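# Residue-level structural notes
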Amino acid sequence: MVAASHARAATIITDPPLRGALTQGGFALGSTWADARITLDGVPVAHVNGHYLLAFDRDAGPAADLLITRASAVPDHRPLAIAPRAWRIEHVDAPFHPPAMPDDAFAAIRREELARIDAARSANASAEGWRQGFQWPARGRISGLFGSQRTYRGGVAGSYHGGTDIALPSGTIYNAPADGVVVLAADKPFTLEGNLLMLDHGMGLVSAFLHSSALLVKEGDRVTQGQPIGKVGMTGRASGPHLHWGMRWREARLDPLLFAPAIA
Ligand SMILES: [Zn+2]
(Lines give C-alpha, C1' and ligand atoms only; values in the text may rest on other atoms or scores of the structure.)
Protein backbone atom coordinates (compact mmCIF):
# COMPACT_ATOMS: atom_id res chain seq x y z
CA MET A 1 0.00 0.00 0.00
CA VAL A 2 1.19 3.47 -0.85
CA ALA A 3 -0.21 6.44 1.02
CA ALA A 4 -1.92 8.80 -1.39
CA SER A 5 -0.80 12.39 -1.21
CA HIS A 6 -3.07 14.83 -2.94
CA ALA A 7 -1.42 17.99 -1.73
CA ARG A 8 -3.80 20.63 -3.02
CA ALA A 9 -4.86 23.22 -0.51
CA ALA A 10 -8.56 22.86 -1.21
CA THR A 11 -8.61 19.07 -1.27
CA ILE A 12 -11.68 17.56 0.30
CA ILE A 13 -12.09 13.83 0.48
CA THR A 14 -15.52 12.35 0.94
CA ASP A 15 -16.76 8.86 0.32
CA PRO A 16 -17.01 8.21 -2.59
CA PRO A 17 -13.90 10.29 -3.25
CA LEU A 18 -14.33 13.84 -4.47
CA ARG A 19 -11.29 15.98 -5.11
CA GLY A 20 -11.54 19.74 -5.47
CA ALA A 21 -13.27 22.69 -3.86
CA LEU A 22 -16.83 22.22 -2.64
CA THR A 23 -17.44 25.93 -2.56
CA GLN A 24 -19.37 28.59 -4.43
CA GLY A 25 -17.77 28.95 -7.87
CA GLY A 26 -15.75 25.76 -7.27
CA PHE A 27 -15.63 22.29 -8.74
CA ALA A 28 -14.74 18.74 -7.80
CA LEU A 29 -13.71 15.61 -9.68
CA GLY A 30 -15.13 12.30 -8.54
CA SER A 31 -15.05 8.65 -9.39
CA THR A 32 -17.51 5.86 -8.86
CA TRP A 33 -18.53 2.57 -10.42
CA ALA A 34 -18.48 2.53 -14.21
CA ASP A 35 -22.09 1.33 -14.30
CA ALA A 36 -23.42 3.96 -11.89
CA ARG A 37 -26.01 6.64 -12.63
CA ILE A 38 -25.21 10.00 -11.09
CA THR A 39 -27.47 12.98 -10.41
CA LEU A 40 -26.75 16.31 -8.73
CA ASP A 41 -29.89 17.91 -7.31
CA GLY A 42 -31.90 15.64 -9.55
CA VAL A 43 -30.09 16.50 -12.80
CA PRO A 44 -28.13 13.68 -14.47
CA VAL A 45 -24.34 14.02 -14.48
CA ALA A 46 -22.42 12.33 -17.30
CA HIS A 47 -19.37 10.23 -16.51
CA VAL A 48 -16.62 8.40 -18.36
CA ASN A 49 -16.01 4.98 -16.83
CA GLY A 50 -17.17 6.40 -13.52
CA HIS A 51 -15.10 9.62 -13.65
CA TYR A 52 -17.14 12.81 -13.41
CA LEU A 53 -17.09 16.54 -12.74
CA LEU A 54 -19.36 18.55 -10.44
CA ALA A 55 -19.31 22.33 -10.14
CA PHE A 56 -21.16 24.94 -8.13
CA ASP A 57 -22.47 28.31 -9.18
CA ARG A 58 -21.22 31.57 -7.69
CA ASP A 59 -24.60 31.82 -5.91
CA ALA A 60 -24.99 28.10 -5.09
CA GLY A 61 -26.91 27.34 -1.88
CA PRO A 62 -25.25 25.69 1.14
CA ALA A 63 -26.27 22.13 0.27
CA ALA A 64 -26.32 19.93 -2.83
CA ASP A 65 -27.52 16.37 -3.16
CA LEU A 66 -25.32 13.90 -4.99
CA LEU A 67 -27.15 10.67 -5.79
CA ILE A 68 -25.31 7.60 -7.06
CA THR A 69 -27.42 4.69 -8.24
CA ARG A 70 -26.43 1.23 -9.36
CA ALA A 71 -28.66 -1.52 -10.57
CA SER A 72 -29.21 -4.04 -7.76
CA ALA A 73 -28.02 -1.65 -5.05
CA VAL A 74 -29.71 0.84 -2.74
CA PRO A 75 -29.44 4.41 -4.12
CA ASP A 76 -26.70 6.24 -2.32
CA HIS A 77 -27.53 9.83 -1.27
CA ARG A 78 -24.54 12.00 -0.49
CA PRO A 79 -25.39 15.39 0.95
CA LEU A 80 -22.66 17.86 -0.01
CA ALA A 81 -21.97 21.00 2.00
CA ILE A 82 -21.11 23.88 -0.35
CA ALA A 83 -19.01 26.49 1.45
CA PRO A 84 -20.19 30.08 1.03
CA ARG A 85 -17.64 32.73 0.08
CA ALA A 86 -17.31 36.36 1.06
CA TRP A 87 -17.32 38.21 -2.25
CA ARG A 88 -15.40 41.41 -2.53
CA ILE A 89 -17.67 44.44 -2.69
CA GLU A 90 -16.53 47.14 -5.06
CA HIS A 91 -18.32 50.32 -4.13
CA VAL A 92 -18.78 52.81 -6.92
CA ASP A 93 -19.35 56.27 -5.51
CA ALA A 94 -21.89 57.25 -8.15
CA PRO A 95 -25.61 56.83 -8.61
CA PHE A 96 -26.66 53.63 -10.33
CA HIS A 97 -27.69 54.32 -13.90
CA PRO A 98 -29.78 51.53 -15.32
CA PRO A 99 -28.49 50.54 -18.75
CA ALA A 100 -29.91 52.84 -21.41
CA MET A 101 -32.86 51.40 -23.26
CA PRO A 102 -31.23 49.71 -26.25
CA ASP A 103 -32.30 50.86 -29.65
CA ASP A 104 -33.77 48.31 -32.02
CA ALA A 105 -30.60 47.90 -34.06
CA PHE A 106 -28.46 47.15 -31.01
CA ALA A 107 -31.12 44.81 -29.60
CA ALA A 108 -31.17 42.82 -32.85
CA ILE A 109 -27.37 42.47 -32.93
CA ARG A 110 -27.30 41.47 -29.26
CA ARG A 111 -30.00 38.83 -29.75
CA GLU A 112 -27.90 37.27 -32.48
CA GLU A 113 -24.74 37.37 -30.36
CA LEU A 114 -26.46 35.78 -27.37
CA ALA A 115 -27.91 33.07 -29.62
CA ARG A 116 -24.38 32.22 -30.83
CA ILE A 117 -23.10 32.12 -27.25
CA ASP A 118 -25.98 29.86 -26.17
CA ALA A 119 -25.37 27.54 -29.12
CA ALA A 120 -21.66 27.34 -28.29
CA ARG A 121 -22.42 26.55 -24.64
CA SER A 122 -24.65 23.67 -25.59
CA ALA A 123 -22.28 22.20 -28.20
CA ASN A 124 -21.32 19.35 -25.85
CA ALA A 125 -18.07 18.65 -27.64
CA SER A 126 -16.15 15.59 -26.61
CA ALA A 127 -12.85 16.67 -25.09
CA GLU A 128 -10.73 15.54 -22.16
CA GLY A 129 -9.72 18.95 -20.79
CA TRP A 130 -12.20 18.71 -17.89
CA ARG A 131 -10.06 16.08 -16.19
CA GLN A 132 -6.67 17.77 -16.67
CA GLY A 133 -5.03 20.09 -14.20
CA PHE A 134 -5.63 23.55 -15.67
CA GLN A 135 -2.84 25.99 -16.55
CA TRP A 136 -2.96 29.78 -16.66
CA PRO A 137 -3.75 30.93 -20.23
CA ALA A 138 -1.24 33.73 -19.57
CA ARG A 139 0.48 35.07 -16.50
CA GLY A 140 0.13 38.62 -15.33
CA ARG A 141 -1.31 40.81 -12.65
CA ILE A 142 -4.84 39.79 -11.65
CA SER A 143 -6.76 43.00 -12.18
CA GLY A 144 -10.29 41.73 -11.62
CA LEU A 145 -11.63 38.95 -9.42
CA PHE A 146 -14.48 36.59 -10.23
CA GLY A 147 -17.63 37.25 -8.27
CA SER A 148 -16.87 40.72 -6.99
CA GLN A 149 -20.08 42.63 -6.53
CA ARG A 150 -20.53 46.22 -7.58
CA THR A 151 -22.68 48.48 -5.47
CA TYR A 152 -23.65 52.07 -6.12
CA ARG A 153 -24.72 55.02 -3.99
CA GLY A 154 -27.52 54.07 -1.67
CA GLY A 155 -26.37 50.44 -1.65
CA VAL A 156 -27.90 49.66 -5.04
CA ALA A 157 -26.40 46.37 -6.28
CA GLY A 158 -25.15 46.11 -9.85
CA SER A 159 -24.07 42.85 -11.50
CA TYR A 160 -21.07 40.82 -10.38
CA HIS A 161 -17.89 40.21 -12.35
CA GLY A 162 -18.15 36.89 -14.22
CA GLY A 163 -14.49 35.99 -14.72
CA THR A 164 -10.85 36.57 -13.83
CA ASP A 165 -9.12 39.55 -15.46
CA ILE A 166 -5.41 39.35 -16.23
CA ALA A 167 -3.83 42.69 -17.18
CA LEU A 168 -1.40 42.23 -20.09
CA PRO A 169 -0.16 44.32 -23.01
CA SER A 170 -2.14 44.11 -26.25
CA GLY A 171 -0.77 41.43 -28.51
CA THR A 172 0.38 39.10 -25.70
CA ILE A 173 -0.28 35.52 -26.76
CA TYR A 174 -2.47 33.41 -24.50
CA ASN A 175 -2.74 29.62 -24.49
CA ALA A 176 -5.36 26.95 -23.98
CA PRO A 177 -5.58 26.26 -20.22
CA ALA A 178 -6.61 22.67 -21.00
CA ASP A 179 -7.54 20.57 -24.03
CA GLY A 180 -10.73 21.55 -25.79
CA VAL A 181 -12.70 22.15 -28.94
CA VAL A 182 -13.22 25.70 -30.24
CA VAL A 183 -17.00 26.16 -30.15
CA LEU A 184 -17.02 29.89 -30.88
CA ALA A 185 -14.42 32.06 -32.58
CA ALA A 186 -15.82 35.51 -33.37
CA ASP A 187 -15.22 36.64 -36.94
CA LYS A 188 -15.88 40.22 -35.85
CA PRO A 189 -16.02 41.79 -32.38
CA PHE A 190 -19.12 41.17 -30.26
CA THR A 191 -20.60 44.37 -28.80
CA LEU A 192 -19.55 43.62 -25.20
CA GLU A 193 -17.18 40.63 -25.37
CA GLY A 194 -15.18 41.89 -28.35
CA ASN A 195 -13.36 39.11 -30.17
CA LEU A 196 -14.81 36.22 -28.20
CA LEU A 197 -13.29 32.75 -28.09
CA MET A 198 -15.00 29.81 -26.39
CA LEU A 199 -13.42 26.42 -25.65
CA ASP A 200 -15.44 23.36 -24.70
CA HIS A 201 -13.37 21.18 -22.34
CA GLY A 202 -15.93 18.37 -22.34
CA MET A 203 -18.60 17.25 -19.84
CA GLY A 204 -20.29 20.65 -19.94
CA LEU A 205 -17.22 22.68 -18.88
CA VAL A 206 -16.64 25.73 -21.11
CA SER A 207 -14.05 28.54 -20.99
CA ALA A 208 -14.60 31.96 -22.58
CA PHE A 209 -11.86 34.48 -23.41
CA LEU A 210 -12.92 38.08 -24.04
CA HIS A 211 -11.57 41.26 -25.63
CA SER A 212 -8.85 39.61 -27.79
CA SER A 213 -7.04 41.62 -30.46
CA ALA A 214 -6.75 38.47 -32.60
CA LEU A 215 -7.76 34.82 -32.49
CA LEU A 216 -5.31 32.13 -33.62
CA VAL A 217 -7.82 29.28 -33.99
CA LYS A 218 -11.14 28.74 -35.72
CA GLU A 219 -14.39 27.06 -34.86
CA GLY A 220 -14.14 23.28 -34.82
CA ASP A 221 -10.41 23.27 -34.09
CA ARG A 222 -9.25 20.79 -31.47
CA VAL A 223 -6.64 22.43 -29.26
CA THR A 224 -4.30 20.96 -26.68
CA GLN A 225 -3.24 22.40 -23.34
CA GLY A 226 -0.63 25.13 -23.77
CA GLN A 227 -1.39 25.75 -27.45
CA PRO A 228 -1.49 29.46 -28.44
CA ILE A 229 -5.12 30.38 -29.15
CA GLY A 230 -5.34 34.16 -29.14
CA LYS A 231 -3.81 37.56 -28.44
CA VAL A 232 -4.78 39.89 -25.63
CA GLY A 233 -6.58 43.08 -26.59
CA MET A 234 -9.31 45.50 -25.59
CA THR A 235 -12.06 44.89 -28.14
CA GLY A 236 -15.67 45.14 -26.95
CA ARG A 237 -16.38 46.84 -23.63
CA ALA A 238 -12.96 47.09 -21.96
CA SER A 239 -11.22 50.05 -20.37
CA GLY A 240 -7.72 48.72 -21.07
CA PRO A 241 -5.99 45.66 -22.55
CA HIS A 242 -6.60 42.52 -20.51
CA LEU A 243 -7.66 38.91 -20.82
CA HIS A 244 -11.01 38.14 -19.23
CA TRP A 245 -11.26 34.38 -18.60
CA GLY A 246 -14.69 33.11 -17.68
CA MET A 247 -15.74 29.51 -16.94
CA ARG A 248 -19.05 27.71 -16.77
CA TRP A 249 -20.27 24.24 -16.06
CA ARG A 250 -23.71 24.07 -17.64
CA GLU A 251 -25.45 27.18 -16.25
CA ALA A 252 -23.17 27.49 -13.22
CA ARG A 253 -20.64 30.33 -13.31
CA LEU A 254 -17.27 29.29 -11.89
CA ASP A 255 -14.14 30.94 -10.55
CA PRO A 256 -11.13 30.27 -12.83
CA LEU A 257 -8.81 30.94 -9.88
CA LEU A 258 -9.99 27.64 -8.40
CA PHE A 259 -9.02 25.74 -11.56
CA ALA A 260 -5.60 27.24 -12.21
CA PRO A 261 -2.65 26.68 -9.87
CA ALA A 262 -2.00 29.34 -7.24
CA ILE A 263 0.09 32.22 -8.54
CA ALA A 264 3.42 32.15 -6.74
ZN1 LIG B 1 -13.49 40.91 -16.78
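As the structure is a prediction and not an experimental result, all values here were calculated from the model.

What follows deals with the overall build of the protein chain. Helix and strand counts for the protein chain come out as 1 helix and 21 strands. Over its C-alpha trace the protein chain gives a radius of gyration of 19 Å, about what one expects of a compact globule, namely 18 Å for 264 residues. For the protein chain, the C-alpha atoms occupy an extent of roughly 60 × 45 × 40 Å along the three principal directions. By the burial criterion, 34% of the 264 residues in the protein chain qualify as buried. For the protein chain, the proportion of contacts with a sequence separation of at least 24, taken over those separated by at least 6, is 63%.

Quick look at the sheet that holds strand β2 (residues 27-31) now. Note on sheets: strands pair through backbone hydrogen bonds, and any given pair is parallel or antiparallel. Across the sheet, 3 strands lie side by side as β1-β2-β5; this open sheet has antiparallel pairing. Of all the strands in the sheet, just β1 (18-20) and β5 (51-55) have a single pairing partner and so form its edges. Sheet twist, expressed as the average angle between the axes of neighbouring strands with direction ignored, equals 25 degrees. Sheet topology note: the β1/β2 ladder contains 3 bridges and is antiparallel. Counterpart to L18 in the pairing with β2 is G30.

Judged by nonpolar contacts, the single largest core of 55 residues is most densely connected at F27, L53, L197 and M198. Lining this core are residues from two domains, each supplying at least three of them: domain 1 (18-81) and domain 2 (89-258). The contacts of F27, once residues within four sequence positions are left out, are G20, A21, L53, L54, A55, W249, L254, L258 and F259.

This next bit is on the domain arrangement of the protein chain. Per the domain assignment, the segments of the protein chain are domain 1 (18-81) and domain 2 (89-258). Distance between the C-alpha centres of domain 1 and domain 2: 26 Å. Opposite the 12 residues of domain 1 that make contact, domain 2 presents 13 residues. Of all the secondary-structure elements, those providing two or more residues to the side of domain 1 that touches domain 2 are β2 and β5. For the side of domain 1 that touches domain 2, the leading source of residues is β5, giving 3 residues. Taken together, the residues that form the side of domain 1 that touches domain 2 break down as 7 nonpolar, 3 polar and 2 charged.

Here we take up the pairing of strand β11 (residues 156-160). In this structure, strand β10 (residues 149-152) lies alongside β11, joined through 3 bridges in antiparallel fashion. For Q149, the partnering residue across the bridge sits in β11 and is Y160. Hairpin remark: β10 followed by β11, antiparallel, with 3 residues in the connecting loop; positive phi at G154, about 85 degrees.

Our focus in this paragraph is the environment of G26. Checked against the element boundaries, G26 lands in the loop between β1 and β2. Taking the C-beta count within 10 Å as the criterion, G26 has 25 such neighbours and is therefore assigned buried. Through-space distance from the C-alpha of G26 to that of A252 is 9.7 Å; in sequence the pair is 226 residues apart.

Taken together, the 3 strands give an open sheet; going across it, the order is β13-β19-β17, and neighbouring strands pair in antiparallel fashion. Looking at which strands have only one partner, the edges of the open sheet turn out to be β13 (173-175) and β17 (214-215). With 2 bridges joining them, β17 and strand β19 (residues 228-231) adopt antiparallel strand pairing. Paired with L215 across the bridge in β19 is G230.

The subject of this paragraph is unusual backbone geometry. Phi at D41 is positive, roughly 50 degrees, even though this residue is not glycine. Looking at the element boundaries, D41 is found in the loop between β3 (37-40) and β4 (43-45). By C-beta crowding, D41 is classed as partly exposed, having 13 other C-beta atoms within 10 Å. Unlike most non-glycine residues, R250 shows phi in positive territory, near 55 degrees. Considering the arrangement of structural elements, one finds R250 in the loop between β20 (242-249) and β21 (252-254).

Basis of the calculations
Residues numbered from 1 in each chain as written. Predicted model: local features only at pLDDT ≥ 70, side-chain atom pairs only at ≥ 80, totals over all residues. Helix = DSSP H or I, 4+ residues; strand = E, 2+ residues; numbered from the N terminus. Rg over C-alpha atoms; globule rule 2.2 N^0.38 Å. Buried ≥ 20, exposed ≤ 12 C-beta atoms within 10 Å, placed from the backbone. Contact = placed C-beta atoms within 7 Å. Pairing = 2+ DSSP bridges. Axes fitted to C-alpha atoms, helices over the stretch in contact; angles between N-to-C directions. Core = buried A, V, L, I, M, F, W, Y, C linked by C-beta atoms within 7 Å. Domains from an automatic or database assignment. Nonpolar A, V, L, I, M, F, W, Y, C, P; charged D, E, K, R; others polar.

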